[in-house]
Amino acid sequence: MGEIMILRDAVHGLVSFEADEEHVIARLMDTSEVQRLRRIRQLGVASYAFPGAEHTRFAHAIGAAHVMKLFLTRLRQIHGELPFWQQVTSDRAQDALAAALLHDVGHGPLSHLFEDAIAGTAHHEEWTEKIIVDPRTDVHRVLASVDSHMPERVAALVRSEHPLPYLARAVSGTLDVDRCDYLLRDAHSTGVRYGVFDLDWLFRSLRFAPSSPGQAPGLAIDGAKGLPAIEAFILARLFMFQQVYLHKTTRTAEWMIRTVLGRASTLIADGVRLPGTPRAIERAAHGEAPDLADYLELDDAVLTVAMHAWESGPDADLANLCMRVRERRLFKTFELFGEQASPEGRRAALEMAREVAHTHGMNPDVFVGLDVARDTPFNDGEGEPLLVVFAKGPARQLRDVSFVLGRLAGQEISRVRIVLSPELREDITRVLGS
């Protein structure tokens, strides 16, 4: 008998992994690579704006695996209409559960900050795949002990590759287990109720899309029952970006930390010794790819300790910025609209802000900057679209049957802001506001 896992979750309530195909979850949870996710916050520095946003990637990973379990349960209720080779077998379910738990296992510290700030560093998706397929990791050993080919299959699922499109899109797609959990979890922890949607009804509305003979089907939504549920899900993502992910305080703190990491990397590359610098950052600064073992040593606490140490380092501007981040003395913003937010307008605005910093004797590379935040909340034209099926007539795309989603499809939301030290706020506001 394998290991059984039963626990309580703040978002989903009772979460259990008890069936034979679910035992791999308990074993994977005990690996050092998955336990590392306890030390990485899901929303990075969003707690500067939302004090409750202290939840971790570990909690999200468990939530995503739980949502995958619910998803597989629904698929098994409806897969009887498919030929056996297209149905959810126990092996396929086991792979999908593992992929859901491990989809973020390669994440760096402080959300996406690390990979964005240090040139040449691989994105977390690449690190995730390395962790899964590298024979030296605990994760790989657990998967390979089940089936020697399981690591490759799970890595492919995390890349959204699988012979069954509906299973691939469950890991990464318009409606996937990652989004289903993080929207509910982030809304719960931030207190922003805009991210809440009806997950139970949404899954109850799932169907298989019509497909050609011999072709595996994709996913679909029951048009009679599920359209309001999928609309609410996609609008929840839109509202969470507007209210949380693009919040000016969060974005300002992220910009400051990116600037810290970028300046530290430049100094190290120039031969300056910075106390307490993690080996992965030193290697990346010298143009070397960090070793997997060095990368896995990085987490929020390690980076925070390094930034504290840099306050005692030889570079005054870096020390100043690190201290401000630690004490939450954050920079201010001036948001650009209309013509000012255009590529030409933002370049001109940044140049004026840099000139103000220069006249104040402050380093323009450190004390002013441009932050452009953007997202496309709904773009169902990429990959395998989520279709809507009706009792009569052909299956249709979401954008064609929903007025709301038709207007939203492909639309980008963005916030363009000049980030500036508070000492410069009055002069920059006067220059840019005139």
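This text goes with the structure placed above it.
What comes next concerns the included structure. (Residues numbered from 1 in each chain as written. Predicted model: local features only at pLDDT ≥ 70, side-chain atom pairs only at ≥ 80, totals over all residues. Heavy atoms only, no water.)

Okay, the sheet that holds strand S9 (residues 413–420) next. The sheet built from three strands is open, its strands ordered S5-S9-S6 with antiparallel pairing. Single-partner strands in this sheet number two, and they are strand S5 (332–336) and strand S6 (368–375). Each neighbouring strand pair of the sheet contributes to a mean axis angle of 30 degrees, computed without reference to strand direction. Strands in contact with helix H18 (residues 343–359) are S5, S6 and S9; relative to S6, the strand with the most contacts, it is inclined by about 150 degrees. Across the face of the sheet, helix H22 (residues 425–433) comes into contact with S5, S6 and S9 while running at roughly 5 degrees to S5. (Pairing = 2+ DSSP bridges. Helix = DSSP H or I, 4+ residues; strand = E, 2+ residues; numbered from the N terminus. Axes fitted to C-alpha atoms, helices over the stretch in contact; angles between N-to-C directions. Contact = heavy atoms within 4.5 Å.)

Turning to the environment of Val388, a few remarks are in order. For Val388, the location among the structural elements is in strand S7 (residues 387–389). In this structure Val388 comes out as buried when scored by relative accessible area, which is 0%. When residues no more than four places from it in sequence are discounted, the contact partners of Val388 are Ile221, Gly223, Leu227, Pro394, Ala395, Arg396, Leu398 and Val401. (Buried < 20%, exposed > 50% of the residue type's maximum accessible area, 1.4 Å probe, protein only.)

Here the focus is helix H7 (residues 138–146). Among all positions in H7, only Val139, His140, Val142 and Leu143 are buried. An end-on view of H7 places all buried positions within 165 degrees of arc, on one side of the element. Looking at the packing, one finds that the buried side of H7 touches helix H1 (23–29), helix H2 (32–35), helix H4 (90–102), helix H6 (124–133) and helix H8 (150–158). (Arc of directions from axis to C-beta.)

A separate point is the pattern of salt bridges. Counted according to the given criterion, the structure contains 30 salt bridges. Across the pair Arg329 and Glu327 runs a salt bridge whose closest N-O atoms are separated by 2.9 Å. For Glu327, a relative accessible area of 40% translates into the label partly exposed. The partner of Arg417 in a salt bridge is Glu335, and the shortest N-O contact between them spans 3.8 Å. In this pair, Arg417 is assigned in strand S9 and Glu335 in strand S5, connecting sequence segments 82 residues apart. Taking the relative accessible area as the measure of exposure, Arg417 reaches 5% and is therefore buried. Since its relative accessible area comes to 26%, Glu335 is described here as partly exposed. Among the charged side chains, a salt-bridge network with shared partners connects Arg251, Glu254, Arg258 and Asp371. (Salt bridge = Lys/Arg side-chain N within 4 Å of Asp/Glu carboxyl O.)

Turning to the nonpolar core, a few remarks are in order. One finds Met68, Leu143, Ile230 and Trp310 to be the most contacted residues of the largest nonpolar core, which totals 143 residues. Apart from residues lying up to four places away in sequence, Ile230 is in contact with Leu175, Leu202, Ile221, Leu386 and Leu398. (Core = buried A, V, L, I, M, F, W, Y, C linked by side-chain atoms within 4.5 Å.)

Let us now look at the sheet that holds strand S3 (residues 206–208). Taken in spatial order, the four strands line up as S3-S4-S7-S8 in an open sheet, and their pairing is mixed. Edge positions in the open sheet fall to S3 and strand S8 (396–397), since each of these has one partner strand only. In terms of strand pairing, strand S4 (residues 219–222) meets S7 through three bridges, oriented parallel. Among the inter-strand pairings, Ile221 is bridged to a residue of S7, identified as Val388. Lying on the sheet, helix H3 (residues 57–78) is in contact with S3 and S4; it crosses S3 at an angle near 50 degrees.

This paragraph deals with the side chain of Arg185. Tracing the chain through its elements places Arg185 in helix H10 (residues 177–190). For Arg185, a relative accessible area of 4% gives the class buried.

Another aspect to go through is the packing of H6 against H7. The geometry of H6 relative to H7 is characterised by a closest axis approach of 6 Å and an angle of 55 degrees between their N-to-C directions. As summarised for this structure, H6 and H7 are arranged oblique, according to the angle between their axes. From H6, Ile131, Ile132 and Val133 reach across to H7, where they touch Val139, His140 and Leu143. Partitioning the contact of H6 with H7 into residue classes produces five nonpolar, one polar and no charged. (Parallel < 35°, antiparallel > 145°, perpendicular 65-115°, else oblique. Nonpolar A, V, L, I, M, F, W, Y, C, P; charged D, E, K, R; others polar.)

Read these as geometric descriptors, not functional statements.
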